[in-house]
Structures are given as C-alpha cells and as structure tokens.
Amino acid sequence: MRLCPTTTSSRSRRWWSRLLAITLATESPLQEEIRTLVAELNTLLLTLSPPEFCFHLTVEQMAGPDTTVWVARDSGQAVACGALKRHDKRIGEVKRMYTRPDWQGQGIGRRVLGEIVSAAVSDGLEELVLETGHRHPAAWAIYEKAGFIRCGPVLDYPDSDYSVFYHKQLAA
C-alpha cells in the first residue's frame, strides 16, 4: 500500500502534511480541553437523537479504571477522541468516538478506532460491541470498514429505532 501521495499538488501536500502532524495517545479525559471536546460530542448527539436514547459516558466515568481514552491532536489541539470501556474479561465497548468537523474525512476516526481495536486484542478481549445513532452514516462506514457487523441490541441497551448496534469478534 502506498502511503505517500502520488501527486505533488500543493493541496495534496497540505493534506498529507496535516495528517502526518496528527498525534494519537491515551490521555486523561479530566483535562478541560477534553471536557470541551466531549461536550461538543454531547451537543451534536442531542441534535440527532432524543435525550433518552443518548447513552453518554461522562468524563468522570471515562476516567475509571475500566476505560481507556485516546485523543488525537493536531499541533497540540485536541481534535478527536474515542474510548474502550471494558465490561468484563471478554467484552469491550467502543465509546465516545468523535472528530471535530474541520478534521473529519481525514482518517483520524479510523486511526482512533484502530487503536481501540488493537488495545482490545492486546487485553485478550474476545469481542467489541458498540451502539451508535440511527442518523450517523459516517460512523457506520468507519465501523463497517473496520470489520464490525450490525447486530441486535448489545449489553443492556434497549432495542430502539434510534440505535444501531455493531459487534466485532476478536478471538475464537
């Protein structure tokens, strides 16, 4: 797979330069900048689904020992996040996936999801599950390209017209 652009246009060079400048690391969600990022996600989700069908983890819950949070940064600015919540030794859940609008479409969400999947495999989890909204086709595409398969309700989520559920087997 070729990782460098085949064209030398200035637009292409800027895009690749920006993508390469993105750093990705685990961080505490209790930082003010991450609280702001998660608040943006919450605001967006509430425009797409009724409040009773928005299943948010708070940043305090995200800081728990069962959850790892990844943050993508561009020149130090938090631009995306995602989390792995471990429910037991077998099942993990993808939570709080969000990329700020100016950074969407650049593969950052895919990179965050890749880190979550890699961590789940390293932890010996057998399956990843997630719930996303019924009006999130961009999220569906990322999950499906990563090998997630639509399924019925997972964990203790209610069956709802507002939710779409996915799972991915990690181990046999």
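See the structure above.
Note that residues are indexed from 1 along each chain, following the sequence as it is written. Per-residue local features of the predicted model are confined to residues with pLDDT of at least 70, and side-chain atom pairs are confined, for both listing and counting, to 80 or more; whole-chain, interface and lining totals are unaffected and use all residues. Working from all heavy atoms in the structure, the side-chain values ignore hydrogens and water.

1. Some thoughts on the sheet that holds strand S4 (residues 91-99)
Threshold: Pairs of strands are assigned from DSSP output, requiring at least two bridges between the strands. Per the convention used, a helix needs a DSSP run of H or I reaching at least four residues, while a strand needs a run of E reaching at least two, with both numbered from the N terminus. Only the contacting stretch of a helix is used when fitting its axis, a line to C-alpha atoms as for every element, and angles between N-to-C directions run 0 to 180 degrees. Should any heavy atoms of two residues lie within 4.5 Å, those residues are counted as being in contact.
If you walk across this open sheet you meet the seven strands as S1-S2-S3-S4-S5-S7-S6, and the pairing is mixed. Strands at the two margins of the open sheet, each flanked by one partner only, are strand S1 (22-26) and strand S6 (149-151). With strand direction ignored, the average angle separating the axes of adjacent strands in the sheet is 25°. Bridging between S1 and strand S2 (residues 67-74) involves five bridges; their strand directions are antiparallel. Bridging across to S2, Leu24 finds its partner in Ala72. Each of S2, strand S3 (77-86) and S4 is contacted by helix H2 (residues 32-48), which is oriented at about 90° to S4, the strand it contacts most. Across the face of the sheet, helix H5 (residues 137-145) comes into contact with S4, strand S5 (127-133), S6 and strand S7 (163-169) while running at roughly 165° to S5.

2. Remarks on the nonpolar core
Note the threshold: The criterion is simple. A nonpolar core is a set of buried Ala, Val, Leu, Ile, Met, Phe, Trp, Tyr and Cys residues joined through side-chain atoms within 4.5 Å. With a 1.4 Å probe rolled over the protein chains alone, any residue whose accessible area is under 20% of its type maximum counts as buried; one over 50% counts as exposed, and the rest are partly exposed.
Residues Leu84, Val94, Ile108, Tyr143 and Phe148 are the most contacted members of the largest nonpolar core, which totals 25 residues. Among the elements of the structure, S2, S3, S4, helix H4 (108-122), S5, H5 and S7 are those that each provide at least two residues to this core. With seven residues, H4 is the largest single contributor of residues to this core. Once you skip the residues sitting within four places of it in the chain, Ile108 turns out to touch Ile22, Ala72, Val79, Ala80, Thr99 and Trp103. Residues Leu57, Met62, Val69 and Cys81 belong to the second largest nonpolar core, which totals 15 residues.

3. Here's the deal with the pattern of salt bridges
Between side chains of opposite charge, pairing is possible as soon as their charged atoms come close. Test applied: Here, a salt bridge means any side-chain nitrogen of Lys or Arg that lies within 4 Å of a carboxyl oxygen of Asp or Glu.
Per the counting criterion, the structure on display carries nine salt bridges. Note that Lys85 and Asp66 form a salt bridge whose closest N and O atoms lie 2.6 Å from each other. Here Asp66 lies in the loop between helix H3 (59-62) and S2 and Lys85 lies in strand S3, a separation of 19 residues in the sequence. Residue Lys85 is classed as buried on the basis of its relative accessible area, which comes to 17%.

Everything listed here is a matter of coordinates, which is why it stays silent on function.
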